[in-house]
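Examination of the molecular architecture
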There are 2 protein chains.
Amino acid sequence: MAKHDTDLSDLFHALADPTRRSILTHLAQGPAPVSELAEPTGLRLPTVMRHLAVLEEAGLIATSKDGRVRTCAIVPEALMPMRTWLDEQRVIWESRLDRLDDYVKKVMKERET
Amino acid sequence: MAKHDTDLSDLFHALADPTRRSILTHLAQGPAPVSELAEPTGLRLPTVMRHLAVLEEAGLIATSKDGRVRTCAIVPEALMPMRTWLDEQRVIWESRLDRLDDYVKKVMKERET
DNA sequence: CAGATAGTTAGACATATGGCTAAGCATGAC
DNA sequence: GTCATGCTTAGCCATATGTCTAACTATCTG
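Nothing here was measured: the structure is a model prediction, and the numbers come from that model.

Section: the protein's contact with DNA strand C
As a matter of local geometry, DNA strand C sits amid 21 residues, with H51 of chain A together with S35, M49, R68 and R70 of chain B nearest to it. Sugar and phosphate atoms constitute 71% of the interface atoms of DNA strand C, taking the interface as everything within 4 Å of the protein. R20 of chain A places a side-chain nitrogen or oxygen 3.2 Å from a phosphate oxygen of DNA strand C. Between DNA strand C and R70 of chain B, the relevant distance is 2.6 Å, taken from a phosphate oxygen to a side-chain nitrogen or oxygen of the residue. Listed by contribution, the elements that provide at least two residues to the surface near DNA strand C are helix 4 (45–57) of chain A together with helix 3 (34–38), helix 4 (45–57) and strand 3 (69–74) of chain B. In the surface near DNA strand C, the residues fall into eight nonpolar, five polar and eight charged.

In structure tokens, the structure reads:
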């Protein structure tokens, strides 16, 4: 299991939290200071800080401090590994789709009874 | 926060674990019984069962029992919400880049004068 | 029926996660 | 210098997660 694997796990893990996804969506509008990001979440600053730390470790955001204000910004390229994984999976999964589709339908039918 | 949100969180969470991703990759080769999935992970059966439960709750796999054998199979459509989210983000994130681009151009122009 | 096979359930346990409060530490405004 | 602002650190707490062992159920096989 390469570091590549860890990257993906961190990425998925970071995105698994609604608060963090909403922070990302907010940041998509442009860079913002910590407090501005905290405000709409209704969470306390330290809590938001930890979310930001998770996002930063996953490489999804970059931050820098100017005076006493820390500005956060998204790192668009960060989603690439995920996109790549998704595309890989699609290729494999879809190559079996016809066969699996039959199987899944059979399973679903059995479930209903 | 709608059900949609929970779906995404569950999906990302399910995919955040390397063991679960490897199980999915294995299943991409075709449906398989529990023990066959457990073997390459080096984990005990109950542990693998829990991973399978997580995958099933996220809608990523479907299972059915025939005799004493439970067969698992991937559910390709399950990745759709994630793909959709990813595409949405790409649109926003990239439009942000465009805006930044505009901003830079504006600054450069102002500098010239 | 006896024994092997394939899952399943229950419960224990260590660590991780997400939230909070209460201080603490720079920096900017007066 | 003093005070407000904005972030940080430290530490607490409840719940969730990933792993295991041990014991149980259900289903073939002979």
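Observations regarding the sheet that holds strand 2 (residues 61–66) of chain A
Think of a sheet as strands paired side by side through backbone hydrogen bonds, with each pair either parallel or antiparallel. Residues and elements named next belong to chain A. Within the open sheet, the three strands sit side by side as 1-3-2. Their pairing is antiparallel. The outermost strands of the open sheet, each flanked by one partner alone, are strand 1 (32–33) and strand 2. Two elements, strand 2 and strand 3 (residues 69–74), share six bridges in a ladder whose sense is antiparallel. Paired with D66 across the two strands is V69, which belongs to strand 3. Packed on one face of the sheet, helix 2 (residues 18–27) meets strand 1, strand 2 and strand 3 and runs near 90° to strand 3. Against the sheet, helix 4 makes contact with strand 2 and strand 3, and its axis sits at roughly 120° relative to strand 2, the strand it touches most.

Focus: the interface of chain B and chain A
Listed as interface residues are 38 residues of chain B and, on the opposing side, 38 residues of chain A. Overall, the association of chain B and chain A removes approximately 3700 Å² of surface from exposure, summing both partners, and the carbon and sulfur fraction of that is 68%. Area buried by chain B at its contact with chain A is led by R21, R83 and W93 of chain B, which between them contribute 20% of it. Across the chain B-chain A interface, the total number found is two salt bridges. The salt bridge partner of R83 of chain A is D87 of chain B, with a shortest N-O separation of 3.5 Å. Remark: the boundary between chain B and chain A carries seven residue pairs in polar contact (both at pLDDT 80 or more). Among the elements of the structure, helix 1 (3–15), helix 2 (18–27), strand 2 (61–66), strand 3 and helix 5 (80–112) of chain B are those that each provide at least two residues to the side of chain B that touches chain A.

Reading the values: the criteria
Residues numbered from 1 in each chain as written. Chains lettered and ligands numbered in written order. Predicted model: local features only at pLDDT ≥ 70, side-chain atom pairs only at ≥ 80, totals over all residues. Heavy atoms only, no water. Near = heavy atom within 4 Å. Polar contact = N/O pair within 3.5 Å; in protein donor to acceptor, adjacent residues only side chain to side chain. Helix = DSSP H or I, 4+ residues; strand = E, 2+ residues; numbered from the N terminus. Nonpolar A, V, L, I, M, F, W, Y, C, P; charged D, E, K, R; others polar. Pairing = 2+ DSSP bridges. Contact = heavy atoms within 4.5 Å. Axes fitted to C-alpha atoms, helices over the stretch in contact; angles between N-to-C directions. Buried area = accessible area lost by both parts, 1.4 Å probe. Salt bridge = Lys/Arg side-chain N within 4 Å of Asp/Glu carboxyl O.

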